[in-house]
Every structure is written in structure tokens, then in C-alpha cells.
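Structural characterization, general
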Amino acid sequence: MSSDKSRPRAQWPEPTVDAPKYYELSQWMVDGVARSTDGCTVETDGICEHGHPSWLLLLGYV
Ligand SMILES: [Zn+2]
């Protein structure tokens, strides 16, 4: 039996845009569409074509 729990989480690229405000995050959850950390439009738990995750994913909301 081997445990995989020491495996680190995927490392995301550095955000290239300013972090969103809380109300923006909330609105994205409602809309089901979010911004990635480089400003692309992605699904709430999506990753854009440049490898940047949605802010919601990065911040652990989804
Ligand atoms: Zn992108």
C-alpha cells in the first residue's frame, strides 16, 4: 500500500492580473463563468488555454 498524500498540489503560473474583489468572485459563482489569473474567461473550475486557473479554483472556492 502506498500513500500519495505527500504529493504537492499542481503549481499554477503566477497571476498576471490583479486579484478580483470578493463580490466579483461571488458573481462568478452565480454566473458559472469566471476569470482566470491571466484575465481569460473560463469555467468556474476551469483552466485557460495558457495554463492559468480560474481565480475561484486558485483560491479554493471550487
Ligand atoms: Zn489565458
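Before reading further, recall that the structure is shown in the block above.
Described below are features of the structure shown in this document. (Residues numbered from 1 in each chain as written. Predicted model: local features only at pLDDT ≥ 70, side-chain atom pairs only at ≥ 80, totals over all residues.)

1. Here we look at the overall build of the chain
Let me state the cut-off plainly: By definition, any uninterrupted DSSP run of H or I lasting at least four residues is a helix, any uninterrupted run of E lasting at least two residues is a strand, and each is numbered from the N terminus. Using C-beta atoms placed from the backbone, we call a residue buried if 20 or more other C-beta atoms fall within 10 Å of its own, exposed if 12 or fewer do, and partly exposed for counts in between. Residues are treated as contacting if the C-beta atoms built from their backbones sit within 7 Å of each other.
Tallying secondary structure elements over the chain gives 2 helices and 2 strands in all. Its helices and strands taken in sequence order, the chain reads α-β-β-α from the N to the C terminus. Out of the 62 residues in the chain, the part that is buried amounts to 18%. Long-range pairs, those at least 24 residues apart, make up 22% of the contacts in the chain with a sequence separation of at least 6.

2. With respect to the nonpolar core
The test is simple: Here a nonpolar core is just a set of buried residues of the types Ala, Val, Leu, Ile, Met, Phe, Trp, Tyr and Cys, joined wherever their C-beta atoms sit within 7 Å.
If you look at the biggest cluster of nonpolar residues, it comprises 6 residues: Trp-28, Ala-34, Val-42, Trp-55, Leu-56 and Leu-57. If we ignore the near neighbours within four places in the chain, the residues touching Trp-55 are Ala-19, Pro-20, Leu-25, Ala-34, Arg-35 and Thr-37.

3. Describing the environment of Glu-43
Take Glu-43: it is sitting in strand 2 (residues 41-43). On the basis of neighbour counts, which here come to 16 C-beta atoms within 10 Å, the residue Glu-43 falls in the partly exposed class. Distance from Glu-43 to Gly-32, taken between C-alpha atoms, is 6.3 Å for residues 11 residues apart in sequence. If sequence neighbours within four positions are ignored, Glu-43 has contacts with Val-33, Ala-34 and Ser-54.

4. Some words on the environment of His-52
Within the fold, His-52 resides in the loop between strand 2 and helix 2 (55-58). When residues no more than four places from it in sequence are discounted, the contact partners of His-52 are Trp-12, Pro-13, Ser-36, Thr-37, Asp-38, Cys-40 and Ile-47.

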